[in-house]
Structure formats: structure tokens, C-alpha cells
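# Descriptive structure summary
The lines below spell out each chain.
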Amino acid sequence: MTQQLQDEFDSSVENAEAWMKAIQERLRINDNTKGPRSALEARLRETEKIRALEPEGSLKIDMILVKADAALHSISEDKKHEVLSKLKDIKALWEETAIYITHCHSRIEWVWLHWSEYLKAQDDFYAWIHNMKVTLEPDIELQLGLKEKQWQLSHAEVLLNDVLNQSVLLERLLEEAASLFSRIGDPSIDEDVQKKMRVEYEGVKEEAQSRVKLLEKITKEHERYSANVNQFQSWLNDVTERLNSCIGEVTAASAEDKLKALKEIAKSIRSGGKKLKHLENECAEVIQNTSPLGAERMRNELEELRKALEKLKLLSSEEEERLLKVQQSESAYKSQARQLEADVQELIKDLQRLENDLDPGEGEKTEDEFVTLWRKCNATRAVLAAEESKVERLKAQLKELLRFSQDVQPHAESVVSAIQQYQSVRGKTSKMSSDTGSQLRRLLQNPLQDFEQWKPSVQVLLETPEPVLAHIEAALAESSQFKEKLMTLQLKKDLLNNILGEEKAKSFLQEVAEASKERESLHKSLLQSKSKLQNLISQHKNFDAGFAPLQKKLSAIKAKLDLEKEPQPDLLGKKTQLQRLQMIQDDLAELVIQMEEVEKLVQSNTTHRHEMNQLSSDCQALKRSLEMMIQESEEHVQKHWAYNDKLSDLQQWITMTTEKIGSYQGADGEENTEGRIADLERWLAEFPDKEIQLHLVEAHGQLVMENSSPEETAHVQAELDQLKESWRSLKEMATGLHKKWHLNRPLADKKKKIPFMDNRWMSRPAFRHLDVDPNHKQERIGEGQNTSSHMKLLRDFEEWLQGENSKLTKILAVTSSSTEEMKARQRKLEELQSRVPDGQHQFEDLLHLHPVIGNSEDLEDLRYRWMLYKSKLKESMSSPSPGSSEEPDIFRKKRSGGMCSFLHRVCWAALPLQLLLLLLLLLAFLLPLAEDNHSCTLANNFARSFNLMLRYEGPPPT
């Protein structure tokens, strides 16, 4: 039985060895990338078939292991070494065969994909060559004008830029062809084909460049011609403007100056004929490269310029003849103009002398001065009437000058100015005579008018129930003044007849006599009213004796109230202030009672009643102000009480909790640790509510400081600062103790967890792409019993990750504009990518050490940052251009000092769900690694040996 088992084992080993050698022979035959594409595709299919036989080889190895196990249990010790040796050799042969299968298939597959991408790029290049030839083949079209030629040149330059930009792609394509030819050696991509591609490109490039040069020449010729036309047009406009300035009537130049200017213009016109001939020659050259319609427009434009030049020549000759005739009439015109100016100056001098004599002077004038001025104005009016004949003679002389063609505007203006001055002096004389007469009439009528205005006020004063004695006495004095004025008017009868006329003067004197009678009657009534008032004054002298004390008492209450507006230093001062305000309120109530008694004495006197009303109004305003101050003082006392109570409660709780936590810090030993942790966690659970209470205390403190003195404000601020410092110390003490107890769990619990962790490790599939050795992990786990070393590993990985992320951020911050910069950026990113497997290796070690480290929050945070770094690196490598360097650093975690708001409590409640989602996401990333034998991407190690490779995103080739 033993011999049979050994024979079966030997037979299975021989069969497997023969099968593997046959597979290796097939691989050796197909392990070649040289030859045409069809042969390469056939080898790819053959390696696919061989790769499909890999499970069969695994099955043979498993059968050998089963038979070897059975044989080892039944044979002697001296033959076991032979069986183990054969078993080791067959395993090594199988491992060599499996690696050969993978490498051979990957190599052929990569070359096939590379070839496919090259053919696609080559087709695109030849399609572009064809399109450019079709575009550049037609002859250049003749354009309508300069703008169209510029557009045509711009289009040709765009095509040339496209051709020049295509050179970069051509060089890349030729590099790929050379690289691929060195691997496959197929004639379809040899050097002749590459030279043909370059020749095709150079032909297109030369055609585009020649087209651009020709269009530049045509465009510059047209631009030069257009500039000359514009220059000739500007010159023509300038000459036209000069001619118009000579022809126009608005010019002030003499006939001699105009004749000289016209000769210069004629000379310039003759030189313009030569310029026009030169333009015609240039036009003939430009027309050869212009469309028929554009050529017709250019001919029409030159014809219009020729007509304009002929028109200027004709106008110049006509104007020269006209100026010769004008020069003859200028001499006669000048003699008459001089005579006119002399007559005008004589008239102006006479008018100025009369105007100076009419100066009324400044300041108020007496009645006699107004009479003198009025008589002088009448005499001046007579002189002006005699000067009117001179004005008519000036008008006739001006009409004689209008027969000439010269500009008579200056002479007309001087004549008009003289006539206007004459009219001004005459109007001024008339106005002054009228104003002087009006002033005299007003002065004579003022006493009567003032009396009519004074009479109603006296009647109202007499009808007043309680008139003032001073008003009565003033009215009596005014009555005596009116008596004197009215008597003076009756003595000026002759003056009134000269100014007003006899009828108006007679009527005016009758009105003065009637006013004198009315004044006498009013004067008697005022004397009677004065005697009555003197009797009433003695009846109200006792009012002031009671009114003055009330005013003094109200002023004293106001002074006390003003003193209470200052802020108080503490709570006791605020209470005392409230008591003083209540005492002031009692004094004010007593004052109101006294005012009611005084009001009974002034019912019949309007003036005294008004004073009492004013005093009562002041008292009511003071009462309202006092009530508002009492209400504010009560509110300040309540706010201070609330602040003291809440501050005392929170200080007591902080003191008690600090003492308890301090006693736990000083306690040694492991007994009753769970109970202490439960108490500590219960206290930590109270921290959010107490932190809210801390903010409430700060808010109450702010309210107290707003209504306190500077000393009390500083004291309250010091209390709040001390409270916040106590809170911070307590919080640091509690969190430090909680973290210390979680890290210092009993070692027995750790030892119970380590075997379970080892078994779980042994049951995990091997990650071949990371080359992780399970024995190496077990050694690390054995060393992981030292907690400080594990925490060091965690910190080292955090520092390494932070450094890698900083490098990635610097790479992304640089904007790549050229191909070399983009290649350098890609090399830096690949260098970072090459260090990702080592980082994954370290991170998995940290995951397996998680039960020993015990800080799940730090580990989950590290997991999140590691996943974000890998995704960011992957996106950067797949993106054609670098991302924005201004994005925020997502790897910096901002740790909150405490859950002080509703938002923090919500985030902490959602944290377990977020951690669970991150764990599921990590497991989804790790699933492909468990099936690495069937992953073509992971097994293709040959592809990773090339810096430059084409990516293939389509379906498998077979």
C-alpha cells in the first residue's frame, strides 16, 4: 500500500512536470513580438488559451499536494526527504510557469494595444493631411476690397498655425513609430514610411507658407494704396477748407491777403495733379489682384477725386476775379466810415456828460434833496429831445455804408451802441424823474398811511379785556407824534400842488383833516384805559409769594434726579440708587399737591394761569422721566442678581468637578477602573450643557457691564476671564484623564485580542501586488505589544502622509504651459504614485494594530485622509491639466474644543454612520485585490516598466 501511494505521487509529479514543460514550450514558441499584425494577433489568442489552462495547472498542483500528504504519512523517514524535495521542485516549476504565462501574455497584449493606438493616430494624421491639401489646393480668390483681403490673410495664417502646431503631434507619432518598429520590425512602420509621413507634412507646410506670403504681399500693396488715397483725400479736404476760408464772408482778412492766399492755393492744386497721376499708376497694379467689382469701385473713387480737384481749380480762379472788383470799392467805403465814427464819438461824449450830471448820489435823501433832483431830471429831458436830430443823421450815414460790399458790422455796432446809449440815458432820465416824483409822493403820504395802519392796533388794544400798561403808554406817545406830522402836511399846500396836481392835492388835504379828528378821539380813549389799568395792578401782587417756592422746589428735584444718572459701581450701589429714586418720587407727589392749591388763586389772570400751566407741564415731564429711571434701575438690579446667581452656580460646579477629577488622577491601582470611567463619562456628558451655561453667564455679564461704572466693568470682566480659565483647565484635565484610561487598559484584555487578530490575519488572502509577507506582519504584531511604539508608528505615518500631500499640492500649484513642463509634472506624479504601495503597506499594518492602539477616532480620521490623498493623486494623473492650486487643504482636520452648540451634537450623533460608510467604501476598494489572479491590470507588471505607454479603455482585444 505504501509503494502504491508513492508510485501515484511519482506519476502525478511526472505528469504535471510534462504538462508544465509542454506549456513552457508553447510559450517559448509564441513569446515573440516580431512580425506582421496578423501573426501578433494569433500569438495573442494562443497566449489567451494558455492562460485559460492556468486553473488546470493549479488543480494538478493541488492533487500532487494531496498525494504527497498521503505518501508522507505512510512512508519511512528516510524517504520523506525525497518526497519533500520533489514537492519543492514541482512547486518552483509551477511558480516559474505561472509567471512565464503572465509575463508572456502581458508583453504580447501590450504590444498589440500599442500598435492599435499607433494605427489610429496615423489614420488621424493622414486624414488631416488630406483635409489640408483639399483646403490649400484651390487658387487664391480675388477679393472685393482691403478688409476682405485682410480676412483672407487672417484665414491663411490660421491654417499655417494649425500646420505648425501639427508638427508636435507628428514628432510624437514618429517617436511612437520608431519605438514600435524596434519591437515588431514590421515593414508597415519602417523608416521609409516615417520619411513619407514627414515629406507629406513638409509639402503641406510649404504650401501654407507660400500662400501666406503671397496674401501678405497683396494685402500690403492694397494697404499702401489705401493709405495714399486717404492722404490725398486729407490733402484735398485741407485745400478745400483753405479755399472756403478765403471765399467765406466771415473772414476778416483784407483783399490783398486773400489774393496772396489764393495764389498759394493754385500752386498747391497744380502739385495735386501730379499726386493724382501717381495714384492712378498704383491703382492699375492693385486692380490686378482685386475682383472686378472691387476694381470698378477703385476707378470710381479715383474719378471722384479727379472731379473734386477740377472743381477746386475752377473755384479758385473765380474767387480771384471777384476780389479784384472788391478792392476798388474799399477806398470809398473807408472815407465814409471815418466820418461816421467821428459823429458817433461826439454824440457819445454829450450823452456821458448828461448821464454824469444825473448821478443821484448815495445814502438816504431828505425831502428838499428829492425836490432838487426832480427838477434836474426835467431839465435833462429837454436837452435829450434836442439831441434826437443827431441820432437820425447817424442812421442815414449808416444806410449809405450798406451800399458797399464790405463788412459794416463794426460801424453798425458802434451806431447801434450810440443809439442804445441815447435810449438808455433818456430812459434813465425818465425813470429817475418818475422815481423821484414817486418818492416825493410817498414821503408826503407816509404820515397818513402810517396813521391808518396804527389806528386798528389801537382799537384792538382798547378792546382787550386786560391790556398791558406799557402798551397803553407807548400808544399815547405815538399819538402825540402823529399829531405833529399831520399839522406839518397841512402847511405844505404849494409843494403838493406842484407834485400831485391841484385836484389830487385838495383831496389829500381833506383826508389829513379827517385823520386829525380821529386821532383826537383815540387819544382820549387811551387816557381812560390807562387809569383803569393802574387800579387793577394792586390786586395781584400776592401771586409771586406762592409761585416762587414751587419753582425752587421743582428745580431742586431736577438737580437730585440729574445726580442719579451716573452708573453705580456694584449691586449694593444700584439698590441704594433705587431707594433714592423712590424717595424723590414721594417728594414730587407732595409738590403736585402744593401746585393744585396755588392754581386756585390764578383763575381770573391769564398770564399767571399760563405760568402755572408751564410749571405743571415741567412737573409732568419730570414725573415721566423719574418713572423711566425707576424702571431701568429695577431692571439693572434684576440683571445683576441673575448674573451673580448663575456665576455662583457654575463656579461651584467647576470647583466640585475639579476636586473629584483631581482625586481620580491621584488614585493608583486598577480596581474599580470601570466605575471611575463611567463617572468620568457621566461628567463629560454634562459638559455641553455647562458650556451653554457658560455662554449664558458671559451674556449676562455683558448686560451688567453695559450698565455699570468702569470699575465694576473691569471687575466683572476679570470674573469672566477667571471663569473661562477654570473651565478650560477642567476640560483639559477631564479629556486627558479619559484618554489616559483608554490607553492604559489591562494587558490581559490585549492578550485576549491578539490571538484572535492573528487567526484573522492567517485567514486573509495574500495581497500579491503589495508583496506582503504574513510572517513579517506577525513579527510586527508581536512587537505591537508595546503601546508607545504603536503610537509612534501612527505618528510616523501621519507625518509621511502630510509630507506626500504637501508635495502633491506644490505640483498641482504649478501651471504647465509647455509639453516639457507637463512631462516633468507627470514624472513627479508617477514618483508619488510609486510610493503609494508602501504607504498602503504601512496603513494595513496600522489597521491590524487597531485593537492595540484603541483610538478609533484618530484611526478613522487617518483612513479618511489616506483615501482622499489616493483619490486626489489618481484624478491628478488622469487629468490633462493641473487643477487649481487654490483648493483648500482637506487633510487638515480642525478639532473642536467642545460640543458647545446644537450643530456639534448633530455631527457627533451622525459620526458612527459616517464611519460605517467609510468602512464599506474601503472594503469595496479591497475587493479587487482578493482576486488578483484574474485581474489583467494588476498582473500586467511588464507594462509598468515603461515610462511612456498608451492607454486602452475599450473592450479586450480577443
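Up top is the structure these notes are about.
Nothing here was measured: the structure is a model prediction, and the numbers come from that model.

### Things to note about the overall build of the protein chain
Tallying secondary structure elements over the protein chain gives 28 helices and zero strands in all. Residues counted as buried form 34% of the 958 residues belonging to the protein chain. Expressed as a percentage of contacts within the protein chain between residues at least 6 apart in sequence, the contacts between residues at least 24 apart total 82%. Approximately 58,300 Å² of the protein chain is accessible, and the part contributed by carbon and sulfur atoms is 53%.

### So, the nonpolar core
Among the nonpolar cores identified, the biggest contains 53 residues, and M20, I64, I90, Y118, F125 and W128 are the most heavily contacted of them. Those elements that provide at least two residues to this core are α1 (2-30), α2 (37-52), α3 (54-74), α4 (77-136), α5 (146-184) and α6 (191-247). With 20 residues, the single largest contributor to this core is α4. Setting aside residues no more than four positions away along its own chain, F125 makes contact with Q166, L170, L173, M197 and Y201.

### Looking at the packing of helix α11 (residues 409-463) against helix α12 (residues 469-490)
Here α11 crosses α12 at 155°, and the two axes come no closer than 10 Å. Looking at the two axes, α11 sits roughly antiparallel to α12. With respect to the hand of their crossing, α11 and α12 are arranged in left-handed fashion. Contacts between α11 and α12 involve L444, P447, D450, F451, W454, V458 and L461 on the former and, on the latter, H471, I472, A475, E478, S479, F482, K485 and L489. Along the lines of polarity and charge, the residues of the contact of α11 with α12 split into 10 nonpolar, two polar and three charged.

### Examining the side chain of Q122
With respect to the secondary-structure elements, Q122 resides in helix α4. With sequence-adjacent residues up to four places away left out, Q122 is seen in contact with L173, V193 and M197.

### Quick word on the environment of T372
Its location among the elements puts T372 in helix α9 (residues 367-386). In this structure, the C-alpha to C-alpha distance between T372 and T436, residues 64 residues apart in sequence, is 9.6 Å.

### Notes on a nonpolar patch on the surface
Among the surface-exposed residues, L913, L916, L917, L919, L920 and L923 lie close enough to one another that they form a single nonpolar patch of about 560 Å² accessible area. Mapped onto the elements of the fold, L913 is located in helix α27 (residues 902-930). For L913, a relative accessible area of 54% translates into the label exposed.

### Considerations on the pattern of salt bridges
Inspection of every chain in the model, using the stated rule, returns 20 salt bridges. For K455, the salt bridge is made with E452, and the minimal N-O distance between the two is 3.5 Å. Of this pair, K455 and E452 both sit in helix α11, three residues apart, which is roughly one turn of that helix. Take K455: its relative accessible area is 16%, and that puts it in the buried class. R835 serves as the salt-bridge partner of E804, at 3.3 Å between the closest nitrogen and oxygen.

Conventions and cut-offs
Residues numbered from 1 in each chain as written. Predicted model: local features only at pLDDT ≥ 70, side-chain atom pairs only at ≥ 80, totals over all residues. Heavy atoms only, no water. Helix = DSSP H or I, 4+ residues; strand = E, 2+ residues; numbered from the N terminus. Buried < 20%, exposed > 50% of the residue type's maximum accessible area, 1.4 Å probe, protein only. Contact = heavy atoms within 4.5 Å. Areas by Shrake-Rupley, 256 points an atom, 1.4 Å probe, with all protein chains shown as cover. Core = buried A, V, L, I, M, F, W, Y, C linked by side-chain atoms within 4.5 Å. Axes fitted to C-alpha atoms, helices over the stretch in contact; angles between N-to-C directions. Parallel < 35°, antiparallel > 145°, perpendicular 65-115°, else oblique. Left-handed = near helix turned anticlockwise from the far one by under 90°. Nonpolar A, V, L, I, M, F, W, Y, C, P; charged D, E, K, R; others polar. Patch = residues over 30% accessible without salt bridge, like charges linked within 9 Å, V, L, I, M, F, W, Y side chains within 5 Å. Salt bridge = Lys/Arg side-chain N within 4 Å of Asp/Glu carboxyl O.

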